[in-house]
Amino acid sequence: MDQSLVSRLFDRGMIEQAFPLVSTRIPGMTLDRWTRFALSHAGSRAGDWPRGLMAVQNPAGYILGMFAFEVREHLHEGRVLCVENVIVPNLPGRDMIWGVVVSEIEHLATMNGCRAVFSDLPCERDSDDGDDIAWVTPVLERSGYMLTSGRAFKRVRNRTV
């Protein structure tokens, strides 16, 4: 892990600061939608089942990566850390950013007594910018993660009544 990069739990002041990173990775994201999402996570549930947003920052305080997390009860594994919405852009040094993200995920899991970590893959399968499955898979495997079953996804059309 690069000592010049640090992980930090989001606070309200970081929400607007993170918007450029989020909007570059999620086309069509609005500041209002991002703010609602971030506030629902930044005001994390206290106690035994925490959730929140974590940022990876450089010494100047710029947010270079982030992820959402939540401690949940899993039927087979017991207490687990679920990680979603991982954003690590394709920029020089992304391996270092990923190193901090993975270290922080494992720290959160240990700190919260979790037996396992579940994480969605943080990229699109058809990405053209180098942020794809071919890059992410070996990075995760080198960190001791196994790629297990996939997650099914279907968009639902909401019908106006």
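Please refer to the structure placed before this passage.
Everything numeric here is computed off the predicted structure, so don't read it as measured data.

### Here we look at the packing of aromatic side chains
Going through the model one piece at a time under the given rule, you end up with 3 aromatic pairs. Counting every residue linked through ring pairs, the aromatic cluster contains Phe10, Trp34 and Phe37.

### Focus on the side chain of His41
Within the element layout of this structure, His41 appears in helix α2 (residues 31–42). When its relative accessible area of 12% is taken as the criterion, His41 is described as buried. Side-chain polar atoms of His41 contact the side chain of Ser40, separated by 3.1 Å.

### Comments concerning the sheet that holds strand β2 (residues 51–57)
Two modes of strand pairing occur in sheets, parallel and antiparallel, and in both the strands are linked by backbone hydrogen bonds. The sheet built from 5 strands is open, its strands ordered β1-β2-β3-β4-β5 with mixed pairing. One side of each edge strand has no neighbouring strand; the edge strands of this open sheet are β1 (6–9) and β5 (116–119). The average undirected angle you get between the axes of adjacent strands in this sheet is 30°. Sheet topology note: the strand β3 (residues 63–74)/strand β4 (residues 78–87) ladder contains 8 bridges and is antiparallel. Bridging across to β4, Arg72 finds its partner in Val80. Its contacts with the sheet put helix α1 (residues 14–25) on β1, β2, β3 and β4, and the angle it makes with β3 is roughly 95°.

Criteria and cut-off values
- Residues numbered from 1 in each chain as written.
- Predicted model: local features only at pLDDT ≥ 70, side-chain atom pairs only at ≥ 80, totals over all residues.
- Heavy atoms only, no water.
- Phe/Tyr/Trp six-rings, centres within 6.5 Å; stacked < 30°, edge-to-face > 60°.
- Helix = DSSP H or I, 4+ residues; strand = E, 2+ residues; numbered from the N terminus.
- Buried < 20%, exposed > 50% of the residue type's maximum accessible area, 1.4 Å probe, protein only.
- Polar contact = N/O pair within 3.5 Å; in protein donor to acceptor, adjacent residues only side chain to side chain.
- Pairing = 2+ DSSP bridges.
- Axes fitted to C-alpha atoms, helices over the stretch in contact; angles between N-to-C directions.
- Contact = heavy atoms within 4.5 Å.

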